Amino acid sequence: MPLLYVSCNESCLVEYGSNMLPCSRLRPAVFSMHTGSVNSLNVYFADPKSGDTLLCRRSAAVTNQAAGTFCSGCKAWLLGEGCYVIVKRPKSPSVTVPCYGLLSGCDYSANGKPARVELYNEGVLKLYISPRGTYQQQCYILGKGSGGRLERISLDKASLLGIIISDADDEHRERLLILNDRLETVLDATGDSAIITEGRAEIIDELGTLCGHQRRKSYELTEKSSAQSSVDIGFFTTQKQRPNSEPETALSFAEAIKLRLYEEAREYLSPELAASLSDDAMAEFFGKFEDAFVIPPQYACGKVCLGICGSENNSGGDEQLILFPFKSQPAKRADLYSISFEDGRIADIDSEEQYK
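The structure presented is a predicted model; accordingly, all values stated were derived computationally and were not measured. (Residues numbered from 1 in each chain as written. Predicted model: local features only at pLDDT ≥ 70, side-chain atom pairs only at ≥ 80, totals over all residues. Heavy atoms only, no water.)

1. A few points about the overall build of the protein
Now for step 1: The number of helices and strands found in the protein is four helices and 26 strands.
Now for step 2: Counting every position in the protein, which comprises 356 residues, the buried fraction comes to 46%.
Now for step 3: For the protein, the computed accessible surface area is about 17800 Å², with 47% contributed by carbon and sulfur atoms. (Helix = DSSP H or I, 4+ residues; strand = E, 2+ residues; numbered from the N terminus. Buried < 20%, exposed > 50% of the residue type's maximum accessible area, 1.4 Å probe, protein only. Areas by Shrake-Rupley, 256 points an atom, 1.4 Å probe, with all protein chains shown as cover.)

2. As for unusual backbone geometry
Now for step 1: Within the chain, asparagine 111 stands out as a residue other than glycine whose phi angle is a positive 55 degrees.
Now for step 2: Taking the relative accessible area as the measure of exposure, asparagine 111 reaches 43% and is therefore partly exposed.
Now for step 3: One non-glycine residue, arginine 260, lies in the positive phi region at around 60 degrees.
Now for step 4: Topologically, arginine 260 is positioned in the loop between helix H1 (246–258) and helix H2 (262–266).
Now for step 5: A residue is classified by how much of its surface remains accessible, and arginine 260, at 53% relative accessible area, is exposed.

3. What about the pairing of strand E3 (residues 19–23)?
Now for step 1: Across five bridges, strand E2 (residues 12–16) lies against E3 in antiparallel orientation. Residue cysteine 12 lies in a different strand from E3, and its bridge partner there is cysteine 23.
Now for step 2: The turn joining E2 and E3, which pair antiparallel and follow one another in sequence, is formed by two residues; a positive phi near 65 degrees is taken by glycine 17. (Pairing = 2+ DSSP bridges.)

4. Comments concerning the sheet that holds strand E20 (residues 226–234)
The pairing of strands in a sheet happens through backbone hydrogen bonds and is either parallel or antiparallel.
Now for step 1: Strand order in this open sheet of four strands is E17-E18-E19-E20, and the pairing throughout is antiparallel. Single-partner strands in this sheet number two, and they are strand E17 (193–197) and E20. Averaged over all pairs of adjacent strands, the angle between strand axes in this sheet comes to 20 degrees, irrespective of strand direction. (Axes fitted to C-alpha atoms, helices over the stretch in contact; angles between N-to-C directions.)

5. Comments concerning the sheet that holds strand E14 (residues 159–166)
Now for step 1: Taken in spatial order, the four strands line up as E13-E14-E15-E16 in an open sheet, and their pairing is antiparallel. Each of the sheet's edge strands pairs with one partner strand only, and the pair in question is strand E13 (147–154) and strand E16 (185–191). Each neighbouring strand pair of the sheet contributes to a mean axis angle of 15 degrees, computed without reference to strand direction.

6. As for the nonpolar core
Now for step 1: Phe253, Ile257, Phe286, Ile308, Ile339 and Ile346 are the most contacted members of the largest nonpolar core, which has 29 residues in total.
Now for step 2: Top contributing element to this core by residue count: H1, with six residues.
Now for step 3: One finds Ala115, Val117, Leu127 and Ala168 within the second-largest nonpolar core, a separate group that totals 18 residues. (Core = buried A, V, L, I, M, F, W, Y, C linked by side-chain atoms within 4.5 Å.)

7. Observations regarding the confidence of the model for the protein
Now for step 1: With 82% of its residues at a pLDDT of at least 70, the protein reaches an overall mean of 84.
Now for step 2: Element-level mean pLDDT values for the protein span from 44 in strand E23 (residues 319–323) up to 97 in strand E19 (residues 214–221).
Now for step 3: Confidence over residues 320–329 falls short of pLDDT 50; this stretch has 27 contacts with residues more than four positions distant or in other chains. (pLDDT = per-residue confidence, 0-100. Contact = heavy atoms within 4.5 Å.)

8. Thoughts on H1
Now for step 1: Look at H1: 19 Å from first C-alpha to last across 13 residues, which is about the 18 Å you get at 1.5 Å a residue.
Now for step 2: Burial of H1 is extensive: 11 of the 13 residues sit out of reach of the surface.
Now for step 3: Of all the positions in H1, only Pro247, Glu248, Thr249, Ala250, Leu251, Ser252, Phe253, Ala254, Glu255, Ala256 and Ile257 are classed as buried.
Now for step 4: Residues of H1 that are buried make contact with H2, helix H4 (279–286), strand E21 (291–295), strand E22 (304–309), strand E25 (335–342) and strand E26 (345–351).
Now for step 5: Positive phi shows up at arginine 260, right after H1, with a value of about 60 degrees. (Expected span 1.5 Å × (residues − 1).)

9. Some words on the state of the cysteines
Now for step 1: Applying the stated rule across the entire model yields zero disulfides.
Now for step 2: Here cysteine 23 is not disulfide-linked; the sulfur of cysteine 12 is the nearest cysteine sulfur, at 4.0 Å. (Disulfide = S-S within 2.5 Å.)

10. A few points about the side chain of arginine 175
Now for step 1: When you line up the elements, arginine 175 lands in strand E15 (residues 174–179).
Now for step 2: Only 2.7 Å separates the side chain of arginine 175 from the backbone oxygen of leucine 142, close enough to count as a polar contact.
Now for step 3: Residues in contact with arginine 175, not counting those within four places in the same chain, are Leu142, Ile163, Ile164, Ile165, Ala168, Asp188, Ala189 and Thr190. (Polar contact = N/O pair within 3.5 Å; in protein donor to acceptor, adjacent residues only side chain to side chain.)

11. Notes on the pattern of salt bridges
Now for step 1: Counted under the stated rule, the structure contains 20 salt bridges.
Now for step 2: Aspartate 169 is the salt-bridge partner of arginine 173, the closest N and O atoms lying 2.8 Å from each other.
Now for step 3: Residue arginine 173 is classed as partly exposed on the basis of its relative accessible area of 23%.
Now for step 4: In this structure aspartate 169 comes out as buried when scored by relative accessible area, which is 17%.
Now for step 5: The residue glutamate 267 makes a salt bridge to lysine 240 at a minimum N-O spacing of 3.6 Å. One end of the pair, glutamate 267, is in the loop between H2 and helix H3 (271–276); the other, lysine 240, is in the loop between E20 and H1, with 27 residues separating them in the sequence.
Now for step 6: We classify glutamate 267 as partly exposed; its relative accessible area is 39%.
Now for step 7: What makes lysine 240 buried here is its relative accessible area of 19%. (Salt bridge = Lys/Arg side-chain N within 4 Å of Asp/Glu carboxyl O.)

See the structure below:
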C-alpha cells in the first residue's frame, strides 16, 4: 500500500483521514494512503505562549496518488508509489501585540539642519522629522511593521540614519532602511534579522538547517550608496547545533553538501570515506538539489534512509501530482539512499532502487 510521510521543522500533530499522529523533522508521521478516496491533510501546531493546540492554515486533499503543495513553505515529493510532504512552520511575529504611538527617536541632521527624528506606529509606520527652532514637520510613510527603532550610523565624514523595522512583511522579517542627511535611500534590505555595526550593515537569514546555519550579507556604506561586500554562511547570532544521532548526522551531511560546505560535510564521514572523496565528487554525487529528509530506522526496515529532493541527477521526467481541488501539476520524484554508519559516522551510501 502506498505510504504518505509528513515531516515538519517543528513538533506538531498531523491529521490524515481519521488518524492523528505526532510529527517532527526527524520523526515523520506515516500513514497508509487510502486508494480511491480523498482525505484532508491538516497540521496542528501549539501556540508558543499558551500551549494550546492551534490549526495552522495548511491543508490539502490527498488522493490515492499523492499530495500537492498546499501552502507557501510546504512541498510534496513523489516517493515510490506514495509521497513525502515537508511542512515548514511560518515564522511567528516578533511583536505579538504591536506597540502604537512613539517607538523610537533621536537627534539627526536632516537637509543640513539639526532636527528631531521620531518613528511612530499609527497603523502603518511613519517617520516624523521636526527641524529645531521651527514649527515645521515632515512625515514619511514607511509602510508595514509592528515595531522599530532608529540608530545613528557614524562614518568618517558623514552620518546616516538607520531604521530597523520589525515584522516588515508577511513572513515577519526585519527591514533595514538607511537614509543619508538628505533623506535619500542608501540601503533598503529585508531579512530574518538586521544588524548595524561599525559603519557596516548586515542582513542575516536563517537557512532552516538542523545545525542552524545562517546566511549573512554584509554591506559597506557611504554617504550616497551601499555595496554588498560579502556573503557568508555560518553561525552569527546562534551556536551550531551538532547532530547527536545517526538520522541527524545523515541529514546534517546532506544539508552541508547543499550549502557547498564540503569541509563540514567531511566531519560526518568515516576517515576512510572522507579521505577518498574530493569536493567535486561530493558535489556531483547528489547534484544540485532542493531539499532533503530522513526516514529513521523504524520506518525503513532498520536502516537510516536519506531522501534527496529535486536533484538535477534524477533522470526521470516530471510526473503529474494531484492537487486540491483536483488539478494536476508537474512534480519531481525524491531519490532515496540507505546510509551505513561506523562509530557514528557515515561509512557508505547506497541508492534504494525500489523507490525510483
